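# Inside the fold
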Protein chains: 2
Amino acid sequence: MTDAHDLLFKTLSDPTRRAIFERLCRGGEQTVGALTTHAGVSQPAVSKHLGILKHAGLVRDRHEGRQTHYSAQLGALAPLVDWTKEMASFWESRFDDLEDLLRRMDQ
Amino acid sequence: MTDAHDLLFKTLSDPTRRAIFERLCRGGEQTVGALTTHAGVSQPAVSKHLGILKHAGLVRDRHEGRQTHYSAQLGALAPLVDWTKEMASFWESRFDDLEDLLRRMDQ
DNA sequence: TCAATCCATAGCCAACGGGTTATTGATTTT
DNA sequence: AAAATCAATAACCCGTTGGCTATGGATTGA
């Protein structure tokens, strides 16, 4: 029930939280303070989101003095990629729009 | 704010709803009754989930007499694939586990 | 025509989730 | 040593969500 897919989809379904993750993907490691500046919500809210992201394996934290640096863990997205591929595989050559999707997936 | 990514992640974040979508991907077109049999929730609950899936473009419905047939629309997953690829692109050659992810994505 | 079936909608309720302010612990800075 | 800064936790609030039962509209079968 609480499998990997669930955890990933649930974690990424909140826009604020996803924005934090996106920022970490774009900009690399950042402190809670830096993230809070752009998050549009309070510092406790950001900390809570980071905790959830960490629980899903999507970020790492590194303590340095009184600040905590967070960084994205791209590998955690693998189950999501696998799930999408699995859904696509069920459809092998069933519909035309499969072509388009496969083109996107293969780059 | 309510962009395509949001709608997709939110729609797929519920396990019951995702299970319905997965079933449609695996088994192709099915009626509400058939889906209800395996969903583990009431028929109205299934109808509600189907409505949400439809709103996200993930399923189509086809009316035939008094029954409604639903089928998955794989193409709607494209934004999800694109988002994942975008996140990965931000990380180009930053970490070792990128290798692994790219291997999965390229099949 | 009347009964039965299929699905959607309405209305309700309990649980969850994301936000806030207040506070605490830990580390710097003065 | 005292003050200030940083991040996490606690306690709380409120809107959303996912479930249910009850009902209705449409179609099919008797």
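In what follows, the structure referred to is the one given above.
Treat the numbers as computed from the prediction; the structure is a model and nothing was measured.

This brings us to helix H2 (residues 15–27) of chain A. Residues and elements named next belong to chain A. Taking 1.5 Å of rise per residue, the 13 residues of H2 would be expected to cover 18 Å, and the 18 Å separating its terminal C-alpha atoms lies within 8% of that figure. Residues Arg17, Arg18, Ile20, Phe21, Glu22, Leu24 and Cys25 constitute the buried set of H2. By the N-cap criterion, in which a side-chain oxygen at the helix start approaches the backbone nitrogen of a residue two or three places on, H2 is capped by Asp14, the distance to Thr16 being 3.2 Å. A positive backbone phi angle near 75° is found at Gly28, which sits one or two residues after H2.

This part covers the sheet that holds strand E1 (residues 30–31) of chain B. Picture the strands of a sheet paired through backbone hydrogen bonds; they go either parallel or antiparallel. Residues and elements named next belong to chain B. As summarised here, the arrangement of the 3 strands in space is E1-E3-E2, forming an open sheet in which the pairing is antiparallel. Either end of the sheet is taken by a strand with one partner, and the two such strands are E1 and strand E2 (59–64). With 6 bridges connecting them, E2 and strand E3 (residues 67–72) associate as antiparallel partners. When the sheet's bridge partners are listed, Glu64 is paired in E3 with Gln67. Each of E1, E2 and E3 is contacted by helix H2 (residues 15–27), which is oriented at about 85° to E3, the strand it contacts most.

Moving on, we get to the relation of the copies chain A and chain B. After a rotation of 180° and a shift along the axis of 0.0 Å, chain A superposes on chain B with an RMSD of 0.0 Å. Here the two chains are linked by the operation of a two-fold rotation axis. Most of the interface of chain A is mirrored in chain B, where 100% of its interface residues are also at the interface.

The rules behind the values
Residues numbered from 1 in each chain as written. Chains lettered and ligands numbered in written order. Predicted model: local features only at pLDDT ≥ 70, side-chain atom pairs only at ≥ 80, totals over all residues. Heavy atoms only, no water. Helix = DSSP H or I, 4+ residues; strand = E, 2+ residues; numbered from the N terminus. Expected span 1.5 Å × (residues − 1). Buried < 20%, exposed > 50% of the residue type's maximum accessible area, 1.4 Å probe, protein only. Polar contact = N/O pair within 3.5 Å; in protein donor to acceptor, adjacent residues only side chain to side chain. Pairing = 2+ DSSP bridges. Contact = heavy atoms within 4.5 Å. Axes fitted to C-alpha atoms, helices over the stretch in contact; angles between N-to-C directions. Least-squares fit on C-alpha atoms with pLDDT ≥ 70 in both.

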